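Next come the chains, spelled out residue by residue.
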Amino acid sequence: MLTTNGQAPFVTVFMYLGEAKDEQEKHDLALIIEEVLEQRYQGVKNEDGVWVTPAFPKLIYVLEEQNIHEDSPYWYLTQLAAKCTAKRMVPDYISEKKMLELKVDKNGDGHCYTCMGCRSFLTPYVDENGKPKYYGRFNQGVVTINLVDVALSSGGNFDKFWKIFDERLELCHRALLCRHERLKGTLSDAAPILWQHGALARLEKGETIDKLLYGGYSTISLGYAGLYECVKAMTGKSHTDPSATPFALNVMQYMNDACKKWKAMHNIDFSLYGTPLESTTYKFAKCLQKRFGIIEGVTDKGYITNSYHIHVTEPVDAFTKLAFESKFQALSPGGAISYVEVPNMEQNLDAVLQVMKFIYDNIMYAELNTKSDYCQECGWDGEIDVVNEDGKLIWKCPRCGNTDQSKMNVARRTCGYIGTQYWNQGRTQEIKERVLHL
Ligand SMILES: [Zn+2]
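Keep in mind that this is a model prediction, so the values were computed, not measured. (Residues numbered from 1 in each chain as written. Predicted model: local features only at pLDDT ≥ 70, side-chain atom pairs only at ≥ 80, totals over all residues.)

### Things to note about the nonpolar core
Moving on, step 1. Grouped together as the largest cluster of nonpolar side chains are 107 residues, with contacts concentrated most on Leu 147, Val 148, Ala 151, Leu 222, Leu 227, Cys 230 and Ile 359.
Moving on, step 2. By residue number, the principal contributor to this core is helix α9 (residues 245-266), which donates seven residues.
Moving on, step 3. Of the domains in this structure, domain 1 (1-118 + 338-372) and domain 2 (136-335) are the two that each give at least three residues to this core. (Core = buried A, V, L, I, M, F, W, Y, C linked by C-beta atoms within 7 Å. Buried ≥ 20, exposed ≤ 12 C-beta atoms within 10 Å, placed from the backbone. Helix = DSSP H or I, 4+ residues; strand = E, 2+ residues; numbered from the N terminus. Domains from an automatic or database assignment.)

Shown next, in the form of structure tokens:
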């Protein structure tokens, strides 16, 4: 699957049996899902003709009543998905059960639908005929608040924290309106496939896209980053500490309330979003160090923690992590994803299936991160290490010592997407420091 310039496109394939209109279509869909999983399990050939892990398209598999129990009719697909995840990191998992609870429209009906890209979720919406609509809608953009900076700017004083939080949120509000204003007045002719031929809408020639920017048809996202470091700076504790968790949840609720206020003000669907922070994590960390110096546990890394995630170095088991993070995911309606780091699980698919069952009952959207690398120098098919050489983090084959990135295939979950093109030093440090959860 290629774009015209030969790059793998950022595409997400959503595999959801519940979407089929009738039994025949469901049967056909199951065949397609099976084939997609088989092909992903096999992989894609690299320069040496060795099958390796491709990054795209991202695959999402929906866990539902008809595939999650051993006696469910499509249990065999779930088993195949587990095998594929253990080797290739995808598919990722959406729990239909949890999503129907969380994504409820104004008629009181729950809906299960795909994210856009890696994690951006639309808000529930019904069209002028009272029908739910998800495909064809879009997001107007995102602006991210650096929660760590809010905390450190307050000097640990809670009154000051909420005051500075208000100021920064207002700044984000204004920045988001700049994004919105930039789109306003765009003519459908600017991109006929998107706006006239049905990819996103069927507008008239010469018509503006403005009506699609209001009333919840599209969303606009307030992103956030570094909840862990924010809470640590204010309370001295991780947000997993029961005495600090309520403050962390208050911060999340506060941002949701801001979105609600802006929505009422502009009739635009503002929504809170756990920013992927792919390379921005390094930029934010460097800026924090410049402004506030090195503060242990807060600014002493080349990265800050993604969204509401538990810190990557904090020892916690997979089940506790997913259960804890699910409370925060519910407060991140514009998008978020939770993950657990696992060792090579190919010989223990039962454990993978146990995690999948736990996801089904506990969290809307989650993924398992395995290691899937290949050294072209010696043929090593295990994990390639990140090592510190002269203060720089480099990738090194544990068998032959190869450090030439062009002679190895490394696939890691960077955020919600898998990356295979290597990362900046901050993100590489974050990847190096991840602890296993299983
Ligand atoms: Zn090697």
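Next, the rest of the story.
### Side note on helix α1 (residues 23-42)
Given 3.6 residues per turn, any residue in an α-helix points the same way as the ones three and four places further on.
Moving on, step 1. Between its first and last C-alpha atoms α1 spans 29 Å; for 20 residues at 1.5 Å apiece the expected length is 28 Å, and the two agree.
Moving on, step 2. Three or more residues of α1 are buried, namely Ile 33, Leu 37 and Arg 40. Each buried residue of α1 lies within a common arc of 65° when the element is viewed along its axis, so the set occupies one face. Opposite the buried face of α1, by more than 90 degrees, sit the exposed residues Gln 24, His 27, Asp 28, Leu 31, Ile 32, Glu 35, Glu 38, Gln 39 and Gln 42. (Expected span 1.5 Å × (residues − 1). Arc of directions from axis to C-beta.)

### Considerations on the sheet that holds strand β5 (residues 92-95)
Moving on, step 1. Read across the open sheet, the five strands follow the order β1-β4-β5-β10-β9; overall the sheet is mixed. Edge positions in the sheet fall to β1 (12-15) and β9 (338-341), since each has one partner strand and no second. On average, each strand axis in the sheet is tilted by 25° relative to the strand beside it, whichever way the strands run.
Moving on, step 2. Bridge count between β9 and strand β10 (residues 365-369): four bridges; the pairing is parallel. (Pairing = 2+ DSSP bridges. Axes fitted to C-alpha atoms, helices over the stretch in contact; angles between N-to-C directions.)

### Digging into the packing of α1 against helix α3 (residues 75-88)
Axis angle and axis distance: for two packed helices, these are the angle between their axes and the distance between the axes, and together they describe the pair.
Moving on, step 1. The geometry of α1 relative to α3 is characterised by a closest axis approach of 9 Å and an angle of 25° between their N-to-C directions. With respect to α3, the axis of α1 lies roughly parallel. Handedness of the α1/α3 crossing: left-handed. Listed contacts from α3 to Ala 30, Ile 33, Glu 34, Leu 37, Arg 40 and Tyr 41 of α1 are Leu 77, Leu 80, Ala 81, Lys 83, Cys 84, Lys 87 and Arg 88.
Moving on, step 2. Per-class residue counts for the contact of α1 with α3 are eight nonpolar, no polar and five charged. (Parallel < 35°, antiparallel > 145°, perpendicular 65-115°, else oblique. Left-handed = near helix turned anticlockwise from the far one by under 90°. Contact = placed C-beta atoms within 7 Å. Nonpolar A, V, L, I, M, F, W, Y, C, P; charged D, E, K, R; others polar.)

### Focus on the pairing of β10
Moving on, step 1. Counting buried residues in β10 gives four out of five residues, a clear majority hidden from the surface.
Moving on, step 2. Pairing of β5 with β10, which is carried by two bridges, proceeds in the antiparallel orientation. By the bridge assignment, Ile 94 is partnered in β10 with Tyr 365.

### A look at unusual backbone geometry
Moving on, step 1. Following Phe 56, the chain continues to Pro 57 via a peptide bond in cis, the omega torsion being -5°.
Moving on, step 2. Along the chain, Pro 57 falls in the loop between β3 (51-52) and β4 (58-63).
Moving on, step 3. Between Val 90 and the following residue, Pro 91, the backbone shows a cis peptide bond with an omega angle of 5°.
Moving on, step 4. Positionally, Pro 91 belongs in the loop between α3 and β5.
Moving on, step 5. If you check the backbone angles, Leu 277 has positive phi at about 60° while not being a glycine.
Moving on, step 6. Looking at where Leu 277 falls in the secondary structure, it is placed in the loop between β8 (269-274) and α10 (280-292).
Moving on, step 7. Its 26 C-beta neighbours within 10 Å are what place Leu 277 among the buried residues.
Moving on, step 8. Backbone geometry places Ser 307, a non-glycine residue, at a positive phi of 40°.

### Some remarks on the sheet that holds strand β6 (residues 139-146)
Moving on, step 1. Strand order in the open sheet made by the three strands is β6-β7-β8, with parallel pairing throughout. Each edge of the sheet is formed by a strand with only one pairing partner; in this case those strands are β6 and β8. In this sheet, neighbouring strand axes are inclined to one another by 25° on average, regardless of whether the strands run parallel or antiparallel.
Moving on, step 2. Sitting on the sheet, helix α6 (residues 158-183) is in contact with β6 and β7 (219-225), with an inclination near 160° to β6.

### A few points about the domain arrangement of the chain
Moving on, step 1. In terms of domain boundaries, the chain breaks down into domain 1 (1-118 + 338-372) and domain 2 (136-335).
Moving on, step 2. Centre-to-centre separation of domain 1 and domain 2, based on C-alpha positions: 26 Å.
Moving on, step 3. Tallying the contact residues gives 14 residues for domain 1 and 12 residues for domain 2.
Moving on, step 4. Examining the composition of the side of domain 1 that touches domain 2, we find that four residues originate from one element, helix α12 (residues 349-362), more than from any other.
Moving on, step 5. Here the residues of the side of domain 1 that touches domain 2 are counted per class, giving 12 nonpolar, two polar and no charged.

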